[in-house]
Amino acid sequence: MRPAVGFAAVAALLFTALAVGGCASTDPAAARDLAPRALTAVQAVSFTGAKPLKPTVAVVLGGGGLRGFAHVGVLRALEEAGLRPDLVVGTSAGAVVGAAYASGMRVEQIRETALAMDVMPLLDFTWRSGGFIRGDRLAQWVDTLTGGVPMEAFPIRFAAVATDMQHGRPVLLDHGAAGRAVQASSAVPGVNVPVSHAGGHLVDGGVTSLVPVRFARALGADVVIAVDIYCQGPGGSGLSVPAVMSRVLRTQSCLVAAPEMAEADVLIAPTVTMPGMFDRAAQARVIEAGHEAARVALGEWQRRPAGG
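What comes next is a walk through the structure. What you see is a predicted model; the values in this text were computed from it and never measured. (Residues numbered from 1 in each chain as written. Predicted model: local features only at pLDDT ≥ 70, side-chain atom pairs only at ≥ 80, totals over all residues. Heavy atoms only, no water.)

### Observations regarding the overall build of the chain
Next up, step 1: Within the chain one finds 10 helices and nine strands.
Next up, step 2: Within the chain, buried positions represent 54% of all 308 residues.
Next up, step 3: On the chain, roughly 12,600 Å² of surface is accessible, and the fraction owed to carbon and sulfur atoms is 58%. (Helix = DSSP H or I, 4+ residues; strand = E, 2+ residues; numbered from the N terminus. Buried < 20%, exposed > 50% of the residue type's maximum accessible area, 1.4 Å probe, protein only. Areas by Shrake-Rupley, 256 points an atom, 1.4 Å probe, with all protein chains shown as cover.)

### A few points about the state of the cysteines
Next up, step 1: Scanning all chains against the criterion turns up one disulfide.
Next up, step 2: The disulfide partner of C231 is C254, and the S-S distance across this bridge is 2.1 Å. Where C231 bonds to C254 through sulfur, the torsion about that S-S bond is close to -100 degrees, and the disulfide is left-handed. Here the residue C231 occupies a position in the loop between β8 (223-227) and α9 (241-261), and C254 occupies one in helix α9, the gap between them amounting to 23 residues. (Disulfide = S-S within 2.5 Å.)

### Some details on the environment of P275
Next up, step 1: Along the chain, P275 turns up in the loop between β9 (266-268) and α10 (280-303).
Next up, step 2: We classify P275 as buried; its relative accessible area is 4%.
Next up, step 3: The spacing of P275 and G65 is 210 residues in sequence and 9.4 Å in space, taken between C-alpha atoms.

### Considerations on a nonpolar patch on the surface
Next up, step 1: A cluster of nonpolar side chains, namely L239, V244 and V248, defines an oily patch on the protein surface of about 280 Å² accessible area.
Next up, step 2: The topology assignment puts V244 in helix α9.
Next up, step 3: Owing to a relative accessible area of 33%, V244 belongs among the partly exposed residues under this scheme. (Patch = residues over 30% accessible without salt bridge, like charges linked within 9 Å, V, L, I, M, F, W, Y side chains within 5 Å. Salt bridge = Lys/Arg side-chain N within 4 Å of Asp/Glu carboxyl O.)

### Considering the nonpolar core
Next up, step 1: Ranked by size, the top nonpolar core spans 59 residues in total, and within it W141, F158, I225 and I268 carry the most contacts.
Next up, step 2: Apart from the residues lying within four places of it in its own chain, the contact partners of I268 are V74, I225, A226, V227, D228, A293, A294 and A297.
Next up, step 3: By size, the runner-up hydrophobic cluster in this structure holds 24 residues, among which are L87, V161, A226 and M261. (Core = buried A, V, L, I, M, F, W, Y, C linked by side-chain atoms within 4.5 Å. Contact = heavy atoms within 4.5 Å.)

### Here we look at the packing of helix α5 (residues 107-116) against α10
Next up, step 1: The geometry of α5 relative to α10 is characterised by a closest axis approach of 10 Å and an angle of 155 degrees between their N-to-C directions. Taken together, the axes of α5 and α10 lie roughly antiparallel to each other. In the crossing of α5 with α10, the sense of the turn from one axis to the other is right-handed. Where α5 approaches α10, its residues R111, A114, L115 and A116 are matched on the opposing element by R280, Q283, A284, I287 and E288.
Next up, step 2: In terms of residue class, the contact of α5 with α10 is made up of five nonpolar, one polar and three charged. (Axes fitted to C-alpha atoms, helices over the stretch in contact; angles between N-to-C directions. Parallel < 35°, antiparallel > 145°, perpendicular 65-115°, else oblique. Left-handed = near helix turned anticlockwise from the far one by under 90°. Nonpolar A, V, L, I, M, F, W, Y, C, P; charged D, E, K, R; others polar.)

### Digging into the pairing of strand β4 (residues 157-164)
Next up, step 1: With seven of its eight residues buried, β4 lies for the most part within the structure.
Next up, step 2: In terms of strand pairing, strand β3 (residues 87-91) meets β4 through five bridges, oriented parallel. Across the sheet, residue T91 finds its bridge partner in β4, namely V161.
Next up, step 3: Bridge analysis of β4 against strand β5 (residues 169-173) gives five bridges, and the strand direction is antiparallel. Across the sheet, V161 pairs through a bridge with L172, a residue of β5.
Next up, step 4: Between the end of β4 and the start of β5, which pair antiparallel, lie four residues, with G168 showing a positive phi angle near 60 degrees.
Next up, step 5: Judged from the three bridges that link them, β4 and strand β7 (residues 200-204) form a sheet pairing that is antiparallel. Each bridged residue has a counterpart across the sheet, and for A162 the counterpart in β7 is D204. (Pairing = 2+ DSSP bridges.)

This is the structure:
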């Protein structure tokens, strides 16, 4: 049986108040593990075979650091509503939680271990250029979490979204080891060493696709339930340099993300603040905020008239 581990690796985020969490690596082996595809390449693949009798439902989990605890509550609300997705697509914190869920972990198992997790052993510091967290431990942790099974063999189809530094565009990672994909998806620029692949380097998917609705559509989703954990919370206050930079970057990120989020059929956007790395009570409250926001949004969606 696989160890019951959660998604608290996103707590590395506390090293920056500016973006979303994770770790990365310049290990040459990474180039062999990753095969990123741009949105146009994914859209160009034609789907063959009979159309499924029921709509293909995708759950899209956005980035947002330790706010990612809210995703656990959202998944619990989906299960309570009898909704089991056919596809999970995640960016950064959403990729961590999404990989755990798509690989077969129970929601309650993710919750319990996330609240008990000590993230510090996952942070492997380095003096390499490009960042100061290497990330090999995170890759190993995610691969252990998912049982060493490649993403394409998960019980639920899964994909992570990262940003291609060379072309300044989002890319999809849906084949091979989940560890490297999650690393790339959550590699905070300037904090984490960019993740190498055969064509260049990848960083946090939140830079270009905070809530990756369009990739879910490109993968064949008929219904997209998206989760924004970043743009609805308090914007911060104060005039210190970190506070001002954080607020400006948050504004920019959310302006870029808004058109894509608007394309979802259901947008769940809990109002949450960033909990502390060791503040279990605050983390539990974020989980419950995600659960309540999802319960309300799903109820409203299910009450809509057909075609509305």
